[in-house]
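Results of the structural survey
Chain residues, written in single-letter form:
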Amino acid sequence: MKKYMILFLALPLFAGLTNLNLKDAISILKHDNLELKVSRFNEQMKAYDAIVAKGHNYGKLDLSITAMRSNDAGNVFGFKLQSREATFNDFGFDEFLAQMGGLPANASTLLSTQPNNLNFPDARNYYQTKVSYMLPLYTGGKLSEYGRITDALFRMSKWDTKKIINQKIFQTQKAFYDISLVQSYIYKLSKIIKNVNHLEDIVRSMNKEGYAQDIDLLEVQARKAEARSMYNQAKLNKKLAYQFLSFLLNKKVTSIKKVSDMVPMPFIDSMDVNRDNIDIQKALLGLQITQMAVNVEKANFLPTLGGFMEYSSADDVLWNEFTQKDSYTIGLQLKWNIFNGGIDKANLEKAKVNHLKMKDQILLAKSGINLKVNKLKTEILGKNADIKSYKKQLYFARKVYENYQSRYKEGIVSISDVLIKQSKELEILLRLLSVKNERNTKIFELNSILNKGGNI
């Protein structure tokens, strides 16, 4: 009993989302879609890039601890100097003084004496603790422009994420409407199959009475098999649409709340398009970045000034008499490139040309987006007219089929004539659903372009 209870409690963990509405689906999409998660990780990396760029303004503080042992003459003497322990004895003055009692004729020998303590010192330990700080004081505005550029690239990454959100909402809405359309199609196919079954009963009854031939029955059964095949294919398409929806939400979806088969047409205003469209906003931000790049290249013609400071202490014992043997160094460095073969000038001109190019790209983006919006609007209006026409044709085809079915009972028309009219009804139904799907897709695409969700 306990085992069955555990299994019963675990069932909801494996069950998919049922009776899901579109609003909840979009909320899940924004939180769990894998592509959106990757895009948000890219946002975080761009944010850290901006922090790194700003961090260069505050300089660099390093702590280093060096430990060495050497009997190299230069090293040992340098160690003693840095430890402030050098003596005259390190220069071999013991040997020098030993010869001072000689005659002046001994002077040449005295001067040529190689001091053993200096050339062959005993090995010595060396420990140095150093704190160094370097700070850029003036860079011609280059560091501040780099900070602004990385901030702009971070905002660009947020626009990229917003565009992916719009695309995924478009795909999610389309999946909902596709499923609703195919459910409607399945329902209407089931009614057509029911009508064919009814026609089959009529033909079979008439065949028994000698008013219909066996070929009539076979023809109806063939049409029934064709309709059944279309019905099964529609169910497979529905299953595939659910699989795609589950992929988008990163959760298994087993059923949804049906939506209307006609998406409402959005209100379109050209000023709103130019203000909210993501591609236009990215182009405008790109224009700002190219201006910042021009400022960076201008900074190459200006000097740079940096300051540095070092504080250290050294001894043959780590941190021994630290403040008694400490030292400091403070300095400034001015650097100004005078000539580099015209490279800086060429790079500046290139940045200016890129800035001018970006201005034209903005005009091109606005013109292209508005053209695409108008094209989609015209196509949607055309689809609306097609839908009205197909609805009337479908109503007429259904009435014709019913008329021919009655006339077949009276022996006026053949079963082939009846099935042809029934095929015409099915053909128009398929066209109607196809046009509705195309219209909805274009409206979803239009909504994505309009970016009704607003700015980031």
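Everything below is about the structure shown above.
Residues numbered from 1 in each chain as written. Predicted model: local features only at pLDDT ≥ 70, side-chain atom pairs only at ≥ 80, totals over all residues. Heavy atoms only, no water.

What to know about the nonpolar core
Put simply, the rule reads: The definition of a nonpolar core used throughout is a set of buried Ala, Val, Leu, Ile, Met, Phe, Trp, Tyr and Cys residues joined through side-chain atoms within 4.5 Å. Burial here depends on accessible area, computed with a 1.4 Å probe over protein chains only, as a share of the maximum for the residue type. Under 20% is buried, over 50% is exposed, and the range in between is partly exposed. Strands here mean DSSP runs of E at least two residues long; helices mean DSSP runs of H or I at least four residues long; both are numbered from the N terminus. Residues count as neighbours in contact if any of their non-hydrogen atoms are within 4.5 Å of one another.
If you look at the biggest cluster of nonpolar residues, it comprises 37 residues, and the most contacted ones within it are L199, V203, Y408, I415 and V418. Where this core is concerned, the elements lending two or more residues are α8 (142-208), α9 (214-249), α12 (343-409) and α13 (415-450). Ranked by the residues each element gives to this core, the list is headed by α8, at twelve residues. Aside from chain neighbours lying at most four places away, what touches I415 is L199, V203, D216, E219, V220 and Y408.

With respect to the environment of F176
For F176, the position within the fold is in helix α8. Excluding residues within four positions of it along the chain, F176 makes contact with L20, N21, L22, A25, L245, I256, K257 and V259.

As for the layout of surface pockets
Using the following cut-off: As defined here, a cavity is a set of points on a 1 Å grid over the protein atoms alone where a 1.4 Å probe fits but cannot get out. A pocket is an open set with protein on both sides within 12 Å along at least five of seven lines, and residues line them when an atom is within 4 Å of a point. Grid points are joined across faces, edges and corners, and a volume is the space filled by probe spheres set on the points. By the convention adopted, Pro, Cys, Tyr, Trp, Phe, Met, Ile, Leu, Val and Ala count as nonpolar, Lys, Arg, Asp and Glu as charged, and the other residues, Gly among them, as polar.
Of the pockets and cavities examined, the largest pocket occupies roughly 300 Å³. M134, L135, P136, L305 and G306 are, among the 16 residues lining the largest pocket, the residues nearest its centre. For the lining of the largest pocket, the elements supplying multiple residues, two or more each, are β2 (124-138), β3 (304-315) and β4 (326-335). Here the element with the most residues in the lining of the largest pocket is β3; it accounts for five residues. Its residues assigned to classes, the lining of the largest pocket comprises seven nonpolar, seven polar and two charged.

Some details on the sheet that holds β3
Let me state the cut-off plainly: When DSSP locates at least two bridges between a pair of strands, those strands are taken to pair. Here, axes are lines fitted to C-alpha atoms. For helices the fit covers the stretch in contact, and angles between N-to-C directions go from 0 to 180 degrees.
Spatially, β1-β2-β3-β4 is the arrangement adopted by the four strands of the open sheet, whose pairing is antiparallel. The sheet is open, and its two edges are formed by β1 (60-70) and β4, each paired on a single side. Strand-to-strand twist in this sheet, taken as the mean axis angle between neighbours without regard to direction, amounts to 20°. Strands in contact with helix α4 (residues 73-82) are β1, β2 and β3; relative to β2, the strand with the most contacts, it is inclined by about 65°.

Looking at the packing of aromatic side chains
Put simply, the test is: A pair of Phe, Tyr and Trp rings is counted when the ring centres sit within 6.5 Å of each other, with Trp represented by its six-membered ring. The angle between the planes then sorts it: under 30 degrees is stacked, over 60 is edge-to-face, the rest tilted. Throughout this description, the term charge over a ring refers to an Arg CZ or Lys NZ atom that lies within 6 Å of the ring centre and within 35 degrees of the ring normal.
The full count for this structure, using the stated rule, is five aromatic pairs. Consider the rings of F170 and F444, whose centres lie 6.2 Å apart with planes at 45°: the pair is tilted. Highlighted residues: F170 in helix α8 and F444 in helix α13, separated in sequence by 274 residues. A residue is classified by how much of its surface remains accessible, and F444, at 2% relative accessible area, is buried. Over the ring of Y231 we find R228; its NZ or CZ atom is 5.5 Å from the centre of that ring. Sitting above the plane of the Y404 ring, R407 keeps its charged end 4.9 Å from the centroid.

Description of unusual backbone geometry
Of note in this structure, N19 is not a glycine but carries a positive phi near 50°. Mapping N19 onto the fold places it in the loop between α1 (2-14) and α2 (22-32). One non-glycine residue, W319, lies in positive phi territory at about 60°. Mapped onto the secondary structure, W319 falls in the loop between β3 and β4. Residue W319 is classed as exposed on the basis of its relative accessible area of 51%.

As for empty space enclosed by the protein
Counted by the stated rule, this structure contains one cavity of 30 Å³ or more. Put simply, the largest cavity is a space of about 40 Å³. Along the walls of the largest cavity sit Y127, Q128, T129, S313, A314, D315, V317, L318, W319, N320 and F322, which together make up its complete lining. At the level of elements, β2 and β3 are the ones that each hand at least two residues to the lining of the largest cavity. Here the lining of the largest cavity is composed, by residue class, of six nonpolar, four polar and one charged.

Geometry only, nothing functional implied.
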